[in-house]
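Fold and contact review
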Amino acid sequence: MVAITEFQKIGVGLVGFGLFFLLFGVLLYFDSVLLAFGNILFLAGLILIIGVRRTSHFFFQRHKLRGSVFFLGGVSLVLCKWPIIGMLVESYGFVLLFRSFFPTALGFVLSAVNIPFLNASSTGGCDESHMYDS
């Protein structure tokens, strides 16, 4: 079992608060202060969880450079008080950075949650005769 250090525990908390402030900033009509605070907390938490070297290696890989530029550019636009454009650019960069992770996450969610229609559509066929049996 992997031991979690105190810095990683703090990092998880920072990432959680960062996501909370990002969500809250979007819900309050793109409040630039909340979005900037959420971005700073998210990035600081990520650095504490995986370390400075791994974080810089993740963001500056050759095949992820375009996503990193959009993501960090969006963060800087939010910090410059252009929240809507910044969040759009940041979201596009996030999708580019994590697009290889999305199928894995979707497979995990579909295996963890037993929703018959989603499970049937993800396997390719939908047998309606057994779908409504009780």
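Read on for a plain summary of the structure.

Reading the values: the criteria
Residues numbered from 1 in each chain as written. Predicted model: local features only at pLDDT ≥ 70, side-chain atom pairs only at ≥ 80, totals over all residues. Heavy atoms only, no water. Helix = DSSP H or I, 4+ residues; strand = E, 2+ residues; numbered from the N terminus. Buried < 20%, exposed > 50% of the residue type's maximum accessible area, 1.4 Å probe, protein only. Contact = heavy atoms within 4.5 Å. Areas by Shrake-Rupley, 256 points an atom, 1.4 Å probe, with all protein chains shown as cover. Patch = residues over 30% accessible without salt bridge, like charges linked within 9 Å, V, L, I, M, F, W, Y side chains within 5 Å. Salt bridge = Lys/Arg side-chain N within 4 Å of Asp/Glu carboxyl O. Core = buried A, V, L, I, M, F, W, Y, C linked by side-chain atoms within 4.5 Å.

Next up on the list: the overall build of the chain. Helices and strands together make up the secondary structure of the chain, namely seven helices and zero strands. Reading the chain from its N end, one meets helices and strands in the order α-α-α-α-α-α-α. Taken across its 134 residues, the chain has 28% of its residues classed as buried. Of the contacts formed within the chain by residues at least 6 apart in sequence, a portion of 50% connects residues at least 24 apart. Carbon and sulfur atoms make up 73% of the accessible area of the chain, which amounts to about 9,600 Å² in all.

Let's shift gears to unusual backbone geometry. Within the chain, phenylalanine 30 stands out as a residue other than glycine whose phi angle is a positive 55 degrees. Note that phenylalanine 30 resides in the loop between helix 1 (6-27) and helix 2 (32-50). Positive phi outside glycine occurs at lysine 81, with the angle close to 65 degrees. Here lysine 81 lies in the loop between helix 4 (65-79) and helix 5 (83-98). Judged by its relative accessible area of 55%, lysine 81 is exposed.

A word on a nonpolar patch on the surface. A cluster of nonpolar side chains, contributed by Phe17, Phe20, Leu23, Phe24, Leu27 and Leu28, occupies part of the molecular surface with about 630 Å² of accessible area. Positionally, phenylalanine 17 belongs in helix 1. Judged by its relative accessible area of 52%, phenylalanine 17 is exposed.

Of all hydrophobic cores here, the largest spans nine residues; its members are Val15, Phe42, Leu43, Leu46, Phe58, Phe59, Phe71, Val75 and Leu97. Elements represented by at least two residues in this core include exactly helix 2, helix 3 (52-59) and helix 4. Examining the composition of this core, we find that three residues originate from one element, helix 2, more than from any other. Excluding residues within four positions of it along the chain, valine 75 makes contact with Asn39, Leu43 and Glu90. Among the nonpolar cores identified, the runner-up in size contains five residues, and Leu22, Leu35, Ala36 and Met87 belong to it.

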